[in-house]
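Single-letter residue listing:
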Amino acid sequence: MTGKDTPDHYGPAEALAGGILSIDHAALAANWRLFAERAGAAECSAVVKGDGYGTGLEEAVATFLDAGCRTFFVALPNEGLRARMVAPEATIYVLDGLFPGTGETFAAANLRPVLGSIGEIEEWSAFCAARGERLPAAIHVDTGMSRLGLRIAEAEAVAQRPELLAAFELSLMMSHLACADTADHPLNKQQLERFGAVRTLFPGVPASLANSAGILLGSAYCFDLVRPGVGLYGGNPLGDAENPMRPVVTLEARVAQLRNVMAGETVGYGASETMNRDGRVAIVAVGYADGFHRSAGSSDIKPGGRGIVSGQSVPIIGRVSMDLIALDVTDIEHGTVERGSLVELIGPTVSVDEVAGHAGTIGYEILTGLGRRYTRRHLRKKA
């Protein structure tokens, strides 16, 4: 909501917040269903790490469960424990693997570590053998990311150690695409070929390669299970191409003050931008402490981001400070914006990827960095 919406329209918590962050759960569910459709016969999971990409892990898990999702990926064991509280019957994989000495926690919560080194595989195998129970886990093979995962030669060596694999259930073989958001990047096909070859070393084990962008590369990348992440939350998985996903997050900032600024006066820290005419500036109560990046500000030599007031675009003027942003509303009709009004900073008009572009980063960082001072509204109207 924008324009003349005032604190009287909201409950007490919303009236006291500098910004209102709305999460559209119907859009979350619709985005998951789109990926599930594109995945064809492959199972569609949901990646909910990073507090559900800033939308709230527990809330996101509940929505995806209702939509039909039964497998989830988190980064850390403590995220897995949170997901388990919401989804007691779901399959939950922990992408960052098996931290030393945490086997009992994984077993007690029925979490599945994604094993990315021979040391992890040996520890999990020994833990399962000592417990006398073949607990499930995934193995991650690095096919071109050079981040987590076994090198291909290490995977070949593990495949030659049947006693190591016999102690636990190898429930998934996976790798991760490095350049899927660039459809014609040669590494995509190289990774596909490498993963296909590695998969033959572990016959009968389900396989997973595709992230959000990977799903959209085509069915060859989908294998048995796909792992959409940022696209679920409205981020564009296709780089500069048109975004097929529905926006999920709307950030509205409250106007704290309207002020007249004369031509030649500067706005904000560092006097970085000078008014070139007499005008009006709206000061809104969101800043970099709320995850709206300082680098999205403007200066006399660099344009910055923007907000939306009653459907009209208004530019940021000057630097983003810790708690405040200035918007040039000179061209907005008087009375349209006033103290207490809400201005869209992220939403249906200003995408999270546009905001990221002005800040010199990516939508992932904007989403996962959304601050804790916002009042969060979880909108659950059915799609």
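The following paragraphs examine the structure supplied in this document. (Residues numbered from 1 in each chain as written. Predicted model: local features only at pLDDT ≥ 70, side-chain atom pairs only at ≥ 80, totals over all residues. Heavy atoms only, no water.)

**Details of the overall build of the chain**
- Check the secondary structure of the chain and you find 13 helices and 19 strands.
- Each principal axis of the C-alpha atoms in the chain carries an extent, and together these give about 80 × 45 × 35 Å.
- Of all 383 residues assigned to the chain, the portion counted as buried reaches 54%.
- Separation of charge centres in the chain, based on 34 positive and 44 negative side chains, amounts to 2 Å. (Helix = DSSP H or I, 4+ residues; strand = E, 2+ residues; numbered from the N terminus. Buried < 20%, exposed > 50% of the residue type's maximum accessible area, 1.4 Å probe, protein only. Lys, Arg positive; Asp, Glu negative; His and termini not counted. Charge placed at Lys NZ, Arg CZ, Asp CG, Glu CD.)

**Here we look at the nonpolar core**
- Counting residues in each nonpolar core, the largest one holds 109 residues, and the members touching the most others are Phe-64, Phe-72, Trp-124, Ile-139, Phe-168 and Phe-292.
- If we ignore the near neighbours within four places in the chain, the residues touching Phe-292 are Leu-251, Val-286, Gly-287, Ile-316, Val-320, Ile-325, Leu-345 and Val-355.
- Ranked by size, the runner-up nonpolar core spans 7 residues in total, among them Val-267, Met-275, Val-281 and Ile-283. (Core = buried A, V, L, I, M, F, W, Y, C linked by side-chain atoms within 4.5 Å. Contact = heavy atoms within 4.5 Å.)

**Notes on the packing of aromatic side chains**
- Overall, the coordinates contain 7 aromatic pairs when judged by the stated rule.
- Ring geometry for Phe-73 versus Tyr-93: centroids 5.1 Å apart, planes at 15°, classification stacked. Highlighted residues: Phe-73 in strand β4 (residues 71-74) and Tyr-93 in strand β5 (residues 91-94), separated in sequence by 20 residues. For the pair formed by Phe-73 and Tyr-93, the shared burial category is buried.
- Each ring, one from Phe-195 and one from Phe-223, has its centre 5.1 Å from the other, and the planes form 90°; the classification is edge-to-face. Here Phe-195 is found in helix α10 (residues 186-199), whereas its partner Phe-223 is found in the loop between α11 (212-215) and β10 (225-226), with 28 residues between them in sequence.
- Members of the aromatic cluster, each reached through a chain of ring pairs, are Tyr-53, Phe-64, Tyr-233 and Tyr-364.
- The ring centre of Phe-73 lies 5.9 Å from the NZ or CZ of Arg-227, which sits over that ring. (Phe/Tyr/Trp six-rings, centres within 6.5 Å; stacked < 30°, edge-to-face > 60°. Lys NZ or Arg CZ within 6 Å of the ring centre and 35° of its normal.)

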